[in-house]
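Structural characterization, general
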Amino acid sequence: MVVEILGTVEPAHAGVLINALIITVIHIDAQLHTPMYLFLCNLALVDICYTTTIVPNLLYMLLSGDNTVSITQCFTQMYFYLLADSSEIYLIFIMAYDRYVAICDPLHYHSILNRKLCLVLASGTWISGSLNAFVLSIPASHMSYCHSRTIHQFFCDAKALINISCAGSDDLYIVIYTEFLVYGVFPVMFFLISYIKIIRVILKIKSKDGRKKAFSTCSSHLTVVIMYYISGVSVYMMPPSEYSDVLEQVFSALYTVVTPIINPLIYSLRNKDVKISLMRLLWRKQSIER
């Protein structure tokens, strides 16, 4: 099977390093062992999974000029891509709930989001992502590819495979429509309901500084969600056109390569507590070296 690359994507080593640094800082600093930072840690893991699933093979193709991948390699890549994609959707959903509890019911925050529930939510994110990737990969592997074996995408994606299939795509379409409800409509509805309630509570805060602080805790999450859904919907809901192949690759690169680099910059490195912990870690390292 041949993958046609209609553009290049810059190496994302920096994204992996930054996300790994975020995980390390959160793990080492006991003050960051809270529900919000646990979910941030999992978001960093998802971003690393995105990058390591797609970028190494893409770089190999660009450097070697060999754009051929086997069927096994293609479906393995698609499985781990779907794992990261599904996990991120529900992780964003959980983080919206975290912000809802923190702002709307702050006095019971730690009793509601206790250690046991947080571990269940975090592990459930990855388990549901694995199951979803498996459910999508099975019907995709049963499709027949007789029209072409050239994928107009820089990685193996379910939509790209459907575009070159000639039979067996009906079952995959059924799964995709079901997934759209489970992983698209329901999380977005919950997200909107949560933030409507959050905004109502924030507007009732009398202190201007209090409102500003409350909005700042949500702004990063809102930015990440908007980036993710706009780029994702643009890929899967884009109507066929003369430039649809190129546009799909651009938006795919945005949320699979660029977003994992931007997420920690938006969400973690702008956070005051993370900055303090990072400076403390660097200071400790310099002291040891001296």
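In this report, we go over the structure that sits alongside the text. (Residues numbered from 1 in each chain as written. Predicted model: local features only at pLDDT ≥ 70, side-chain atom pairs only at ≥ 80, totals over all residues. Heavy atoms only, no water.)

Digging into the state of the cysteines
- Inspection of every chain in the model, using the stated rule, returns 1 disulfide.
- The disulfide partner of Cys74 is Cys156, and the gap between their sulfur atoms is 2.1 Å. Measuring handedness by torsion sign, the sulfur bridge of Cys74 and Cys156 sits at about -125 degrees and is left-handed. One end of the pair, Cys74, is in helix H3 (residues 71–104); the other, Cys156, is in the loop between strand E2 (150–151) and helix H6 (158–163), with 82 residues separating them in the sequence.
- Judged by its relative accessible area of 1%, Cys156 is buried. (Disulfide = S-S within 2.5 Å. Helix = DSSP H or I, 4+ residues; strand = E, 2+ residues; numbered from the N terminus. Buried < 20%, exposed > 50% of the residue type's maximum accessible area, 1.4 Å probe, protein only.)

Some thoughts on the environment of Ser220
- Along the chain, Ser220 falls in helix H8 (residues 208–236).
- Residue classification places Ser220 among the buried residues on the basis of a relative accessible area of 7%.
- Distance from Ser220 to Pro264, taken between C-alpha atoms, is 9.9 Å for residues 44 residues apart in sequence.

Focus: the packing of helix H2 (residues 35–64) against H3
- As a packed pair, H2 and H3 sit with axes 9 Å apart at the nearest point and diverge in direction by 160 degrees. The orientation of H2 with respect to H3, classified from their angle, is roughly antiparallel. In this structure, H2 crosses over H3, and the sense of that crossing is left-handed. (Axes fitted to C-alpha atoms, helices over the stretch in contact; angles between N-to-C directions. Parallel < 35°, antiparallel > 145°, perpendicular 65-115°, else oblique. Left-handed = near helix turned anticlockwise from the far one by under 90°.)

Some remarks on a nonpolar patch on the surface
- A cluster of nonpolar side chains, namely Phe180, Leu181, Phe186 and Met189, defines an oily patch on the protein surface of about 420 Å² accessible area.
- Following the sequence through the fold, Leu181 ends up in helix H7 (residues 169–203). (Patch = residues over 30% accessible without salt bridge, like charges linked within 9 Å, V, L, I, M, F, W, Y side chains within 5 Å. Areas by Shrake-Rupley, 256 points an atom, 1.4 Å probe, with all protein chains shown as cover. Salt bridge = Lys/Arg side-chain N within 4 Å of Asp/Glu carboxyl O.)

As for the nonpolar core
- In this structure, Met78 and Leu161 are the most contacted members of the largest nonpolar core, which totals 72 residues.
- It is H2 that contributes the most residues to this core, 16 residues altogether. (Core = buried A, V, L, I, M, F, W, Y, C linked by side-chain atoms within 4.5 Å.)

Brief notes about the packing of aromatic side chains
- Taken as a whole and assessed by the stated rule, the structure comprises 7 aromatic pairs.
- With a centroid separation of 5.5 Å and 75 degrees between ring planes, the pair formed by Tyr90 and Phe93 is classed as edge-to-face. One end of the pair is Tyr90 and the other is Phe93, both in helix H3 and 3 residues apart, which spans about a single turn.
- Accessibility expressed as a relative area gives 24% for Phe93, which makes it partly exposed.
- Look at Phe93 and Phe190: their rings are 4.6 Å apart centre to centre, the planes differ by 50 degrees, and that puts the pair in the tilted class. Separated by 97 residues along the polypeptide, Phe93 in helix H3 and Phe190 in helix H7 bring together distant segments of the chain. (Phe/Tyr/Trp six-rings, centres within 6.5 Å; stacked < 30°, edge-to-face > 60°.)

Section: the side chain of Asn42
- Within the secondary structure, Asn42 is located in helix H2.
- Taking relative accessible area as the criterion, Asn42 reaches 9% and is therefore assigned buried.
- Here the side chain of Asn42 touches Leu38 through a polar contact of 2.9 Å, landing on its backbone oxygen. (Polar contact = N/O pair within 3.5 Å; in protein donor to acceptor, adjacent residues only side chain to side chain.)

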